[in-house]
Amino acid sequence: MKKTLILIFLVIALAILPFFINHGGEYGGSDDQAEGVIAQMAPSYKPWFEPLYEPASGEIESLLFTLQGSFGAAVIFYILGYYRGRRTVHAGD
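Nothing here was measured: the structure is a model prediction, and the numbers come from that model.

Conventions and cut-offs
Residues numbered from 1 in each chain as written. Predicted model: local features only at pLDDT ≥ 70, side-chain atom pairs only at ≥ 80, totals over all residues. Heavy atoms only, no water. Helix = DSSP H or I, 4+ residues; strand = E, 2+ residues; numbered from the N terminus. Buried < 20%, exposed > 50% of the residue type's maximum accessible area, 1.4 Å probe, protein only. Areas by Shrake-Rupley, 256 points an atom, 1.4 Å probe, with all protein chains shown as cover. Polar contact = N/O pair within 3.5 Å; in protein donor to acceptor, adjacent residues only side chain to side chain. Phe/Tyr/Trp six-rings, centres within 6.5 Å; stacked < 30°, edge-to-face > 60°. UniProt positions renumbered as here; feature names shortened; annotations may be inferred. Patch = residues over 30% accessible without salt bridge, like charges linked within 9 Å, V, L, I, M, F, W, Y side chains within 5 Å. Salt bridge = Lys/Arg side-chain N within 4 Å of Asp/Glu carboxyl O. Lys, Arg positive; Asp, Glu negative; His and termini not counted. Charge placed at Lys NZ, Arg CZ, Asp CG, Glu CD.

With respect to the overall build of the protein chain
Each helix and strand counted, the protein chain has 3 helices and 0 strands in total. When the helices and strands of the protein chain are placed in sequence order, the string is α-α-α. Here the protein chain holds 93 residues, and the buried ones make up 4% of them. On the protein chain, roughly 8,700 Å² of surface is accessible, and the fraction owed to carbon and sulfur atoms is 69%.

Written out as structure tokens, the structure reads:
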């Protein structure tokens, strides 16, 4: 039991620790490229909104994007599995 708790703590620490570490790395995505093109085409353009949370680096932003997609996929496949299971159980009645 103690070993399990230590492993759970380590997994949580590995998931949270990158949010507080800024090693200065640069990771550019399509949003950054689009921002550059907009700045060239319309230099006076001002964004409508500002982000609520600005991650310490692009890697963390990428991680959050991936987690969001994974969570959405988990919800969709849970619902599909739930209804598949219900159909299987009721088919045996």
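What about the side chain of Ser57?
Looking at the element boundaries, Ser57 is found in the loop between helix 2 (30–41) and helix 3 (58–91). A distance of 3.0 Å separates a polar atom in the side chain of Ser57 from a polar atom in the side chain of Glu59.

Some words on the packing of aromatic side chains
Given two aromatic rings, their pairing is described by the distance between the two centres and the angle made by the two planes. All chains considered together, the criterion is met by 2 aromatic pairs. Relative to Tyr82, the ring of Tyr78 has its centre 6.4 Å away and its plane inclined at 25°; by these criteria the two rings are stacked. One end of the pair is Tyr78 and the other is Tyr82, both in helix 3 and 4 residues apart, which spans about a single turn. When the ring of Tyr82 is compared with that of Tyr83, the centres are 5.4 Å apart and the planes differ by 75°; the resulting orientation is edge-to-face.

Some details on the UniProt feature "transmembrane region" (unreviewed entry) in the protein chain
Under the UniProt annotation, "transmembrane region" (unreviewed entry) lies at residues 63–83. Secondary structure within residues 63–83 divides into 100% helix and 0% strand; the distance between the first and last C-alpha atoms comes to 30 Å.

Considering a nonpolar patch on the surface
Nonpolar side chains collect at one region of the surface, where Met1, Leu5, Ile8, Ile12, Ile16 and Phe20 lie side by side and expose about 700 Å² of accessible area between them. Structurally, Ile12 is set in helix 1 (residues 2–16). When its relative accessible area of 46% is taken as the criterion, Ile12 is described as partly exposed.

Notes on the environment of Ser57
According to the relative accessible area criterion, Ser57 is buried, its value standing at 9%. Remark: the alpha-carbon pair of Ser57 and Ile21, spanning 36 residues in sequence, is separated by 8.5 Å.

A closer look at a negative patch on the surface
A cluster of like negative charges, contributed by Asp31, Asp32, Glu35, Glu50, Glu54 and Glu61, occupies part of the molecular surface. Mapped onto the fold, Glu61 is located in helix 3.

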